[in-house]
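What follows is the residue order along each chain.
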Amino acid sequence: MNEQDFDAHKNILEQAAAWRTEGRSVAIATVVKTWGSSPRPVGSQLVVDTNNNMIGSVSGGCIEGAVVHEAIEVMQDGKPRLLFFGVSDEEAWDVGLACGGEVEVFVEKLD
Amino acid sequence: MSASHAAERSKYSSRSWTRWIEMRQALLNKLITAKAEKRPTVVVTDLASGAQSLWLGGEYDGDIAMTSGLSDSIDRTLRRDKGETFEENGVRYFLQPFPPPKRMIVVGAVHIAQSLVPMATLSGYDVTIVDPRQAFATEARFPSVSLQHDWPDEAMSALDPDRRTAVITLTHDPKLDDPALLVALRSPAFYIGALGSNRTHAKRLARLREAGLTESELARIHAPVGLDIGAVSPAEIAVSIMAQITAVLHAPAQREAA
């Protein structure tokens with residue numbers, strides 16, 4: 001068994017570096033703070049390229065879409081962003097965490 | 001969208017953009033090398049500007065000035081194996097530790113071990129199998145795992161379990177399990193488990209007492225090994241063991257002590 005086959009998390013940064021070497025634009029999103037019952041702990045990472053390929057996660061799937069959207073902007077303008085996601089409002093078409101937690105995610109471009 | 005932007009570009013102006021890019025690549029490459037070498041590393045990021053520094057076993061390099069507060073925060077984040085935000089002089093930093101992987105030493109290349117090893121690997125452990133019986137500890141039965149054919153006391157002394165190591169004895173044979181436990185119980189290993197029924201364990205305790213271990217040392221053994229979930233098959237027993245190790249790893253007392 002190859003470790004990489006079943007432990008994607010461990011190799012996220014290695015994958016990011018490999019993508020960058022191939023010439024792709026790459027952004028790294030990292031959970032830097034959590035409040036309440038957030039699905040992934042501080043330090044969890046998601047790596048994204050401009051074709052929406054992703055490895056890793058920053059939530060249980062609740063905010064990945066929005067993070068990828070922001071990551072693409074980060075790749076375009078090079079500016080890092082600190083994103084905050086709060087409790088989702090069930091009445092609205094809003095991005096948030098159904099579990100009731102709150103997370104702060106830092107998104108940076110890998111140049 | 002409830003995402004709000006707290007970081008903007010204003011703080012880049014004082015520095016050459018090109019130089020910052022070079023720093024970033026160099027930093028990631030250094031980090032990846034340190035991870036491969038299993039050296040503890042911390043990445044420090046200024047959450048407003050995106051500037052970064054790398055702490056690598058006493059060496060510190062990057063765009064963020066070291067302060068005593070930052071140094072304390074680096075110590076804390078490594079000790080807890082947990083990232084944290086740290087604020088000083090109105091600047092917020094994120095510290096992310098990259099500790100070497102936790103280790104698991106399995107004594108006994110038995111059927112249960114064949115289930116336990118992939119679960120442990122998935123959970124982020126570097127696994128070593130110790131079994132002098134070469135017919136059991138084969139590459140075919142345990143692909144991509146480090147196999148040690150030395151006698152358990154020698155193998156264990158060489159492996160030198162630390163506070164990030166779990167040790168599990170599975171051979172059922174006192175000749176192999178006992179010498180491994182003698183080393184493990186005098187090490188700071190965070191988890192020590194031994195396969196065997198209550199009766200087997202009572203006999204084991206008597207032997208180890210005879211060998212000079214104290215009651216508090218003996219009390220560290222989790223036996224019968226694993227959580228009591230009625231596990232029957234080797235895979236189920238492996239689940240109960242992995243669950244117990246995880247529970248011990250994340251117990252509040254363990255977290256604070258570690």
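A.B. asks: I'm lost on empty space enclosed by the protein in this one. Help?
C.D. replies: In this approach the atoms are scanned with a rolling probe the size of a water molecule, which exposes any empty space left behind. Counting across every chain of the model gives three cavities of 30 Å³ or more. If you add up the space inside the largest cavity, you get close to 190 Å³. Around the largest cavity sit 19 residues that line it, and Ile28, Gln45 and Glu108 of chain A together with Val43 and Gln52 of chain B are the ones nearest its centre. Counting only elements with at least two residues in the lining of the largest cavity, the list comes to β1 (26-35) and β5 (102-110) of chain A together with α1 (17-36), β1 (41-46) and β5 (91-98) of chain B. Here the lining of the largest cavity is composed, by residue class, of twelve nonpolar, five polar and two charged.

A.B. asks: Can you walk me through the sheet that holds strand β11 (residues 221-222) of chain B in this structure?
C.D. replies: Strand pairs in the sheet, formed through backbone hydrogen bonds, run parallel or antiparallel to each other. Residues and elements named next belong to chain B. Taken together, the six strands give an open sheet; going across it, the order is β8-β7-β6-β9-β10-β11, and neighbouring strands pair in parallel fashion. In this open sheet, the two edge strands, each paired with only one partner strand, are β8 (146-148) and β11. When strand β7 (residues 125-130) meets β8, the two strands line up parallel, connected through three bridges. Bridging across to β8, Ile129 finds its partner in Leu147. Here helix α5 (residues 174-184) sits on the sheet in contact with β6 (102-107), β9 (165-169) and β10 (191-194), set at roughly 155° to β9.

A.B. asks: Whenever I open this one, helix α3 (residues 111-122) of chain B confuses me. Can you help?
C.D. replies: Each turn of an α-helix holds 3.6 residues, which means side chains three or four residues apart point in the same direction. Listed as buried for α3 of chain B are Ile112, Ala113, Ser115, Leu116, Val117, Ala120 and Thr121 of chain B. Directly beyond the C-terminal end of α3 of chain B, a positive phi value near 100° is found at Gly124 of chain B.

A.B. asks: It is not clear to me how the packing of aromatic side chains should be interpreted in this structure. Could you clarify?
C.D. replies: Aromatic ring pairs are defined here through the distance separating the ring centres and the angle between the ring planes. The final tally for this structure, using the stated rule, is two aromatic pairs over all chains. On the numbers, 5.7 Å between centres and 65° between planes, the contact of Trp35 of chain A with Phe84 of chain A is edge-to-face. Remark: Phe84 of chain A occurs in strand β4 (residues 81-85) and Trp35 of chain A occurs in strand β1; sequence separation between them is 49 residues. Given the relative accessible area of 28%, Phe84 of chain A is considered partly exposed. Their ring planes at 25° and their centres at 6.2 Å tell us that Phe86 of chain B and Tyr93 of chain B sit as a pair that is stacked. Summarising the burial analysis for this pair, Phe86 of chain B and Tyr93 of chain B share the class buried. It is Lys102 of chain B that lies over the ring of Tyr125 of chain B; its NZ or CZ is 5.1 Å from the centre. Above the plane of the ring of Phe136 of chain B lies Arg133 of chain B, whose end atom (NZ or CZ) is 4.2 Å from the centre.

A.B. asks: So what exactly am I meant to see when it comes to the side chain of Thr45 of chain B here?
C.D. replies: Of note, Thr45 of chain B is situated in strand β1. On the basis of relative accessible area, Thr45 of chain B is assigned to the buried category, the value being 4%. Ignoring sequence-local partners within four residues, the contact set of Thr45 of chain B consists of Phe106 of chain A together with Gly50, Ala51, Gln52, Ile64, Arg92, Tyr93 and Phe94 of chain B.

Rules behind the numbers
Residues numbered from 1 in each chain as written. Chains lettered and ligands numbered in written order. Predicted model: local features only at pLDDT ≥ 70, side-chain atom pairs only at ≥ 80, totals over all residues. Heavy atoms only, no water. 1 Å grid on protein atoms, 1.4 Å probe; cavity = no way out; pocket = protein on both sides within 12 Å on 5 of 7 lines; lining within 4 Å. Points joined across faces, edges and corners; volume = space filled by probe spheres on them. Helix = DSSP H or I, 4+ residues; strand = E, 2+ residues; numbered from the N terminus. Nonpolar A, V, L, I, M, F, W, Y, C, P; charged D, E, K, R; others polar. Pairing = 2+ DSSP bridges. Contact = heavy atoms within 4.5 Å. Axes fitted to C-alpha atoms, helices over the stretch in contact; angles between N-to-C directions. Buried < 20%, exposed > 50% of the residue type's maximum accessible area, 1.4 Å probe, protein only. Phe/Tyr/Trp six-rings, centres within 6.5 Å; stacked < 30°, edge-to-face > 60°. Lys NZ or Arg CZ within 6 Å of the ring centre and 35° of its normal.

Function cannot be read off these values alone, since they describe shape.
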